[in-house]
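Inside the fold
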Amino acid sequence: MMQTIKLRLALSGAVVASFLLTVAPVGLSASLAQGEPPAPEVTQLSLSEGGGIVAGEVSTDYNLFQFEGQQGQTVILDVDVTTILMGSVYTDEDSQLYLIGDQGRILAFNDDEDENNFESRLRFVLPENGTYYVAVTTFGNQPVVNDEQQITSWQNTGLGHIRYDLIFQVDTPAEVR
């Protein structure tokens, strides 16, 4: 059964097309969807240097990142809020972080790093070689999933507004190298 995820293609910040990603058993494929509301651009993360930092800003919607990973790698993702802005309901650093497989299924999720820190952090061992996605949003924005637990859309109901650095690291065990 195929499901759809909304995305947009942007070059230098200008939206050039809206797309729907069709989630099929073989992976994600893109098809042009006329008249669809814009979705976040996909930003490529490179793990070749062991990690890095990318800046973002999110409020009611979500930011989407993509990377290629290898089975057995431990990926560490950390949302470091740099600026708290006035949100639709909250003015705080409450982020949410999702790790998503190439079939559109949520592999890991974190809302709060701990009870005293509303920023998000994930540590996850990748189950296979392939393409992975990271979504950053604010508290209140939840993905909508189908019966196969694949993301079909997002509620786009984030309650805060933040600027952040997404810090990503990878630890590759010797037997995987």
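See the structure printed just above.
The structure reproduced in this document is the subject of the present report. Here the structure is a predicted model, which is why all the values come from computation and not from measurement. (Residues numbered from 1 in each chain as written. Predicted model: local features only at pLDDT ≥ 70, side-chain atom pairs only at ≥ 80, totals over all residues. Heavy atoms only, no water.)

1. Observations regarding a nonpolar patch on the surface
Stated precisely, the cut-off is as follows: Only residues whose relative accessible area exceeds 30% and that take part in no salt bridge are eligible for patches, with like-charged residues grouped when within 9 Å of each other and nonpolar side chains (Val, Leu, Ile, Met, Phe, Trp, Tyr) grouped when within 5 Å. For the accessible areas, the method is Shrake-Rupley and the probe is 1.4 Å, while residue cover comes only from the protein chains on display. Counted as salt bridges are all cases of a side-chain nitrogen of Lys or Arg within 4 Å of a carboxyl oxygen of Asp or Glu. Counting from the N terminus, the helices are DSSP H or I runs at least four residues long and the strands are E runs at least two residues long.
Judged by side-chain polarity, Val 89, Tyr 90 and Phe 139 come together as a nonpolar surface patch covering roughly 260 Å² of accessible area. When you line up the elements, Tyr 90 lands in the loop between strand S7 (74-85) and strand S8 (95-101).

2. A look at unusual backbone geometry
Test applied: Exposure is judged per residue with a 1.4 Å probe applied to protein chains only, and the accessible area is read against the type maximum: over 50% gives exposed, under 20% gives buried, and values in between give partly exposed.
Its identity as a non-glycine residue notwithstanding, Gln 149 has a phi of 65 degrees, on the positive side. Relative to the helices and strands, Gln 149 resides in the loop between strand S12 (143-145) and strand S13 (151-154). Owing to a relative accessible area of 48%, Gln 149 belongs among the partly exposed residues under this scheme. One non-glycine residue, Asn 156, lies in positive phi territory at about 55 degrees. Structurally, the position occupied by Asn 156 is in the loop between S13 and strand S14 (161-171).

3. Quick notes on the sheet that holds strand S9 (residues 106-110)
Inclusion rule: For two strands to pair, DSSP has to find at least two bridges joining them. Only C-alpha atoms enter the line fits that serve as axes; for helices the fit covers just the stretch in contact. Angles between N-to-C directions range over 0 to 180 degrees.
Read from one edge of the open sheet, five strands run S4-S6-S11-S8-S9, paired in mixed fashion. Looking along the sheet, the strands with just one partner apiece sit at the ends: strand S4 (42-44) and S9. For this sheet, the mean inter-axis angle between neighbouring strands, taken without regard to orientation, is 25 degrees. The pairing of strand S6 (residues 62-69) with strand S11 (residues 130-138) spans eight bridges and is antiparallel. Looking across to S11, one finds that Phe 67 is bridged to Tyr 132.

4. Details of the side chain of Thr 138
Under the convention used in this document: Here, residues are in contact when the closest pair of their heavy atoms is within 4.5 Å.
Structurally, Thr 138 is set in strand S11. Judged by relative accessible area, which is 0%, Thr 138 ranks as buried. Those residues in contact with Thr 138 that sit more than four places away from it in its chain are Val 58, Ser 59, Asp 94, Ser 95, Gln 96, Gly 158, Leu 159, Gly 160, His 161 and Ile 162.

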